[in-house]
Amino acid sequence: MSQKEQNEKEPLFSPKHIKLLTNPLDDDNPITVLVLGICSALAVTVMLQPAVVMTLSVVCVMGLANLIVSLLRNTIPPRIRIIVQLVVIASLVILVDQVLKAFLYDVSRQLSVFVGLIITNCIIMGRLEAFALANKPWPSFLDGVGNAAGYGIILIIVAFLRELLGSGTVYGYPVIEYLGLYEFGYEDNGFMILPPMALITVGVIIWVQRSRNRKLIETN
Amino acid sequence: MKKGNTYIFLYASGMVVIVAAVLSTASILLRPFQERNIETAKRTDILMSVDKAQEIRQAENRFEYIEEEYERYITESYVINHRGNIQEGVDAFEVNMREEMRKPAEERNLPIFVCTHDDGSNSYIIPMHGRGLWGPVFGYIALEEDFNTIYGIILDHESETPGLGAEIAGESFQEQFRGKRIFDEDMEFVSIKVIRPADPPIEGHSVDGISGGTITSQGVEEMLYDVLINYVDYFKERKKD
């Protein structure tokens, strides 16, 4: 066994590490349980494709930001730590934006300003403050990816519902037309396209999640 | 570790230098790819407005395919001024319509791309730039040889509401423009009106707007008018020939 492996106290995917990755998907979901990052959840969930690309972008930015801040955690002067975190996030977001423009130009045209707005996503900052500053790089990376995935999964569910009910399509395919529902007098609900419906959809998801997962219900 | 002010300043300065270096390197390395994308997207839009480049999704190499199609169909391009005189020494492809529309009318460089179809007929493609609800709307309009009938149009936007204003980029909206005319019987310039369901349609000169996207629809109407009016002198001149 090499020295490096001996130094590692836990295997890379120990149960504890796996939990870091899976907890944010349900019990600690950043959107439905922590209620963070709602603003961008409204903006990019009208159609599925932008939501998917947004999810992937946030996974990259959050995983790497957590990793970098965790690597730097012992050197960062506490008094300017927020600025340092912001610089790390902003640089990563600019990189993601540049890479999208170079290699996924069509998608980057679609997402337009929303990629830049990842900087203002409070989940990222929240995880840096709460986790990466106090933990080792690998768990931090997992925590970042897990939380981004938790954010993304809600984004994708909401986008799926809004696109299906609002525009009658799924990932751009006109499923409702394909099923012939329009002939029976069905109409797309234009209301689903407006931002308030994203909030209501998130609310419904929270309701469903809590009725299924009783331990999330606060007792006052 | 005690972290005094000196440490903080050094840390912040070091961080800024490193970040600046990383970002500028990335920007320099990625620029050629980005520029190629932008150029290809522009060529694609020009070709799409005359129903060319339809097989772009099946194309193995998007860049090469578009370049070939562009070489084949876009046979000529030139720049005119608002009086219809050809401006020498300006490359039509390099003209940025967004900047031209900000200038006073007399100073505008107005590009025209000529597409020669397989049957030998020509279409004249004009770039457009205007304002929607949240940001710019833009596109290309292609006119037939009579400088009156619309051959095709391609519209896009930067940040219109998806599902509402953003529908101007959809096929069903753009298909309506085909065969519409920008001059009336007396050869007066009337452009194309984008109307609401309540408005009476104008035979041959109006298309239905997007419901729920009224301001974007108006933006398209204004853009068509503001851009095409610059070309009216040139069109009239050419029609006489």
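### Overview of the overall build of chain A
Then comes step 1: Of regular secondary structure, chain A possesses eleven helices and zero strands.
Then comes step 2: Principal-axis analysis of the C-alpha atoms places the extent of chain A at approximately 70 × 45 × 40 Å.
Then comes step 3: Counting all 220 residues of chain A, 37% fall into the buried class.
Then comes step 4: The contacts of chain A with a sequence gap of at least 6 include a subset with a gap of at least 24, amounting to 77%.

### Points about the overall build of chain B
Then comes step 1: Per the secondary structure count, chain B includes six helices and eight strands.
Then comes step 2: Projected onto the principal axes, the alpha-carbon positions of chain B cover approximately 85 × 45 × 40 Å.
Then comes step 3: Classification of the 241 residues of chain B by burial places 33% in the buried group.

### Notes on the interface of chain A and chain B
Then comes step 1: Facing the 22 residues of chain A at the interface are 22 residues of chain B.
Then comes step 2: Secondary-structure elements contributing two or more residues to the side of chain A that touches chain B are helix 5 (81-103) and helix 9 (137-167) of chain A.
Then comes step 3: Element by element, the count of residues in the side of chain A that touches chain B is highest for helix 5 of chain A, at ten residues.
Then comes step 4: Here the side of chain A that touches chain B is built from residues that sort into 14 nonpolar, six polar and two charged.

### Considering the pairing of strand 6 (residues 150-157) of chain B
Side-chain direction in a regular strand flips from residue to residue, so the side chains alternate between the two faces of the sheet.
Residue and element names in this part refer to chain B.
Then comes step 1: Counting buried positions over the eight residues of strand 6 gives seven, a clear majority of the element.
Then comes step 2: The sheet contact formed by strand 5 (residues 136-143) and strand 6 spans seven bridges and is antiparallel. Within strand 6, the position partnered with Phe138 by the bridge is Asp156.
Then comes step 3: Connecting strand 5 to the antiparallel partner strand 6 that follows it, the hairpin turn spans six residues, and Phe147 within it adopts a positive phi of roughly 55°.

### Observations concerning the sheet that holds strand 5 of chain B
Residues and elements named next belong to chain B.
Then comes step 1: Strand order across the open sheet formed by six strands is 2-1-3-4-5-6, with antiparallel pairing between neighbours. This sheet does not close on itself; its edge strands, each paired only once, are strand 2 (86-87) and strand 6.
Then comes step 2: The pairing of strand 3 (residues 110-116) with strand 4 (residues 122-131) spans four bridges and is antiparallel. Following the sheet pairing, Val114 is matched in strand 4 by Tyr124.

### Overview of the nonpolar core
Then comes step 1: Grouped together as the largest cluster of nonpolar side chains are 98 residues, with contacts concentrated most on A:Val61, A:Ala65, A:Leu155, B:Ile125, B:Met128 and B:Ala142.
Then comes step 2: Each residue touching B:Ala142, except ones within four places of it in the same chain, is listed here: B:Ser49, B:Val50, B:Cys115, B:Ser123, B:Tyr124, B:Ile125, B:Tyr151 and B:Gly152.

### Here we look at the pairing of strand 1 (residues 74-80) of chain B
Residues and elements named next belong to chain B.
Then comes step 1: In terms of strand pairing, strand 1 meets strand 3 through six bridges, oriented antiparallel. Directly across from Glu76, in strand 3, lies its bridge partner Val114.
Then comes step 2: Sheet analysis places strand 1 next to strand 2, joined by two bridges and oriented antiparallel. If you follow Ile80 over to strand 2, its bridge partner there is Ile86.
Then comes step 3: Linkage of strand 1 to strand 2, two consecutive antiparallel strands, is achieved through a turn of five residues, within which Gly84 is found at a positive phi near 90°.

### Looking at helix 2 (residues 62-73) of chain B
Residue pairs three or four apart in sequence face the same way in an α-helix, which turns once every 3.6 residues.
All names here are of chain B.
Then comes step 1: An ideal rise of 1.5 Å per residue puts 16 Å on twelve residues; helix 2 measures up with 16 Å between its terminal C-alpha atoms.
Then comes step 2: Of all the positions in helix 2, only Ile66, Glu69, Tyr70 and Tyr73 are classed as buried. Each buried residue of helix 2 lies within a common arc of 100° when the element is viewed along its axis, so the set occupies one face. Residues of helix 2 that are exposed and point more than 90 degrees away from the buried face comprise Glu64 and Glu71.

### Notes on unusual backbone geometry
Residues and elements named next belong to chain B.
Then comes step 1: Its identity is not glycine, yet Asp51 carries a phi of approximately 60°, on the positive side.
Then comes step 2: A count of 16 C-beta atoms within 10 Å places Asp51 in the partly exposed class.
Then comes step 3: Positive phi values are uncommon outside glycine, yet Met187 reaches one of about 65°.
Then comes step 4: Within the secondary structure, Met187 is located in the loop between helix 4 (171-175) and strand 7 (193-195).
Then comes step 5: Owing to 11 C-beta atoms within 10 Å, Met187 belongs among the exposed residues under this scheme.

### Topic: the packing of helix 4 (residues 48-72) of chain A against helix 5 of chain A
Residues and elements named next belong to chain A.
Then comes step 1: Running from N to C, helix 4 and helix 5 cross one another at 145°; their axes reach a closest spacing of 9 Å. Crossing of helix 4 against helix 5: the hand is right-handed. Contact residues: helix 4 offers Ser57, Cys60, Val61, Leu64, Ala65, Ile68 and Val69, while helix 5 offers Gln85, Val88, Ile89, Leu92, Val93 and Val96.

### Re the environment of A:Val59
Then comes step 1: Residue placement: A:Val59 occurs in helix 4.
Then comes step 2: A sequence separation of 116 residues divides A:Val59 from A:Val175, and the C-alpha atoms of the two residues are 29 Å apart.

### A word on the confidence of the model for chain A
Caution is warranted with low-pLDDT regions, since their predicted coordinates should not be read in detail.
Residue and element names in this part refer to chain A.
Then comes step 1: In the predicted model, chain A carries a mean pLDDT of 86, and the fraction of residues at 70 or more is 95%.
Then comes step 2: Highest mean pLDDT in chain A belongs to helix 9 (93); lowest belongs to helix 1 (residues 3-7) (46).
Then comes step 3: The low-confidence segment residues 1-7, where pLDDT is below 50, has one contact with residues more than four positions distant or belonging to other chains.

### Details of the environment of A:Ala134
All names here are of chain A.
Then comes step 1: Among the secondary structure elements, Ala134 is positioned in the loop between helix 8 (122-130) and helix 9.
Then comes step 2: For Ala134, a count of 11 C-beta atoms within 10 Å puts it in the exposed group.
Then comes step 3: Remark: the alpha-carbon pair of Ala134 and Leu199, spanning 65 residues in sequence, is separated by 33 Å.

Rules used in this analysis
Residues numbered from 1 in each chain as written. Chains lettered and ligands numbered in written order. Predicted model: local features only at pLDDT ≥ 70, side-chain atom pairs only at ≥ 80, totals over all residues. Helix = DSSP H or I, 4+ residues; strand = E, 2+ residues; numbered from the N terminus. Buried ≥ 20, exposed ≤ 12 C-beta atoms within 10 Å, placed from the backbone. Contact = placed C-beta atoms within 7 Å. Nonpolar A, V, L, I, M, F, W, Y, C, P; charged D, E, K, R; others polar. Pairing = 2+ DSSP bridges. Core = buried A, V, L, I, M, F, W, Y, C linked by C-beta atoms within 7 Å. Expected span 1.5 Å × (residues − 1). Arc of directions from axis to C-beta. Axes fitted to C-alpha atoms, helices over the stretch in contact; angles between N-to-C directions. Left-handed = near helix turned anticlockwise from the far one by under 90°. pLDDT = per-residue confidence, 0-100.

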